[in-house]
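# Residue-level structural notes
Here is what each chain is made of, one letter per residue.
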Amino acid sequence: MAYDSENIFAKILRGEIPCDKVYEDDWSLAFNDINPQAPIHTLVIPKGAYVSWDDFSEAASADEITGFVRAVGHVARELGVAEAGYRALVNIGANGGQEVPHMHVHIFGGKALGPMITKT
Ligand code: AMP
């Protein structure tokens, strides 16, 4: 799947639409989810143009991957959820329920989150 530079997170990265920024460094941007599913629900995205975890893990440089993984941990600590625990989640592609085609990690926290997947 080719990267769509008009996706909403690309627009946030270009500053074309606002976000509730939590953290930014050379590799990553973190902002609060617009439709939170937990008391804390923050998204961490790489600054590079990667569609998904699949794309990122294959095509990103070692520096990008290291910077991004460190940013996810840093953001969790900055949000104050690291000690009590939290969930980091990545939706990938159609079966994964990915809605925005720019790689992102969800950080959920602020309460006991319950089972990982609800049976349907
Ligand atoms: P996913 O289903 O993993 O692709 O998740 C996409 C997430 O992006 C959802 O949780 C949305 O609520 C969130 N989202 C969509 N648009 C925005 C936005 N403009 N600012 C912040 N979060 C957004």
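For clarity, every value in this text was computed on a predicted model and none was experimentally measured. (Residues numbered from 1 in each chain as written. Predicted model: local features only at pLDDT ≥ 70, side-chain atom pairs only at ≥ 80, totals over all residues. Heavy atoms only, no water.)

## Description of the pattern of salt bridges
Where charged atoms of side chains with opposite charge meet at close range, the side chains can pair. Our working definition: Any Lys or Arg side-chain nitrogen located within 4 Å of an Asp or Glu carboxyl oxygen qualifies as a salt bridge. The classification of residues rests on relative accessible area computed with a 1.4 Å probe and restricted to protein chains. Under 20% of the type maximum is buried, over 50% is exposed, and intermediate values are partly exposed. A run of DSSP states H or I qualifies as a helix once it reaches four residues; a run of E qualifies as a strand once it reaches two. Both are numbered from the N-terminal end.
Counted by the stated rule, this structure contains four salt bridges. Between Glu-24 and Lys-21 there is a salt bridge, with the nearest N and O atoms lying 2.6 Å from each other. Look at Lys-21 and you get partly exposed, because its relative accessible area is 48%. Here Lys-47 ties to Glu-24 by a salt bridge, and the two come within 2.8 Å at their closest N and O atoms. Here the residue Lys-47 occupies a position in the loop between β3 (40–46) and α2 (53–59), and Glu-24 occupies one in strand β1 (residues 21–24), the gap between them amounting to 23 residues.

## Details of helix α3 (residues 62–79)
Put simply, the rule is: Residue count minus one, scaled by 1.5 Å, sets the expected span of a helix. Contacts were defined at the residue level, with two residues in contact if any of their heavy atoms lie within 4.5 Å.
Look at α3: 26 Å from first C-alpha to last across 18 residues, which is about the 26 Å you get at 1.5 Å a residue. Buried within α3 are the following residues: Glu-64, Gly-67, Phe-68, Ala-71, Val-72, Gly-73, Val-75 and Ala-76. For α3, the secondary structure elements touched by its buried residues are β1, β2 (28–32), β3, α2 and β5 (105–109). Following α3 by one or two positions, Gly-80 has its phi on the positive side, about 85°.

## Observations regarding the side chain of Asn-7
Spelled out, the test is: Any pair of nitrogen or oxygen atoms within 3.5 Å is treated as a polar contact; in protein, a donor-acceptor pairing is required on top of that, and neighbouring residues in sequence qualify only through side-chain atoms on both sides.
Relative to the helices and strands, Asn-7 is located in the segment before α1 (8–13). By relative accessible area, Asn-7 is classed as buried at 4%. Within the structure, the side chain of Asn-7 is placed 2.9 Å from the backbone nitrogen of Phe-9, a separation counted as a polar contact. Polar contacts involving the side chain of Asn-7 include one to the main-chain amide nitrogen of Ala-10, which spans 3.0 Å.

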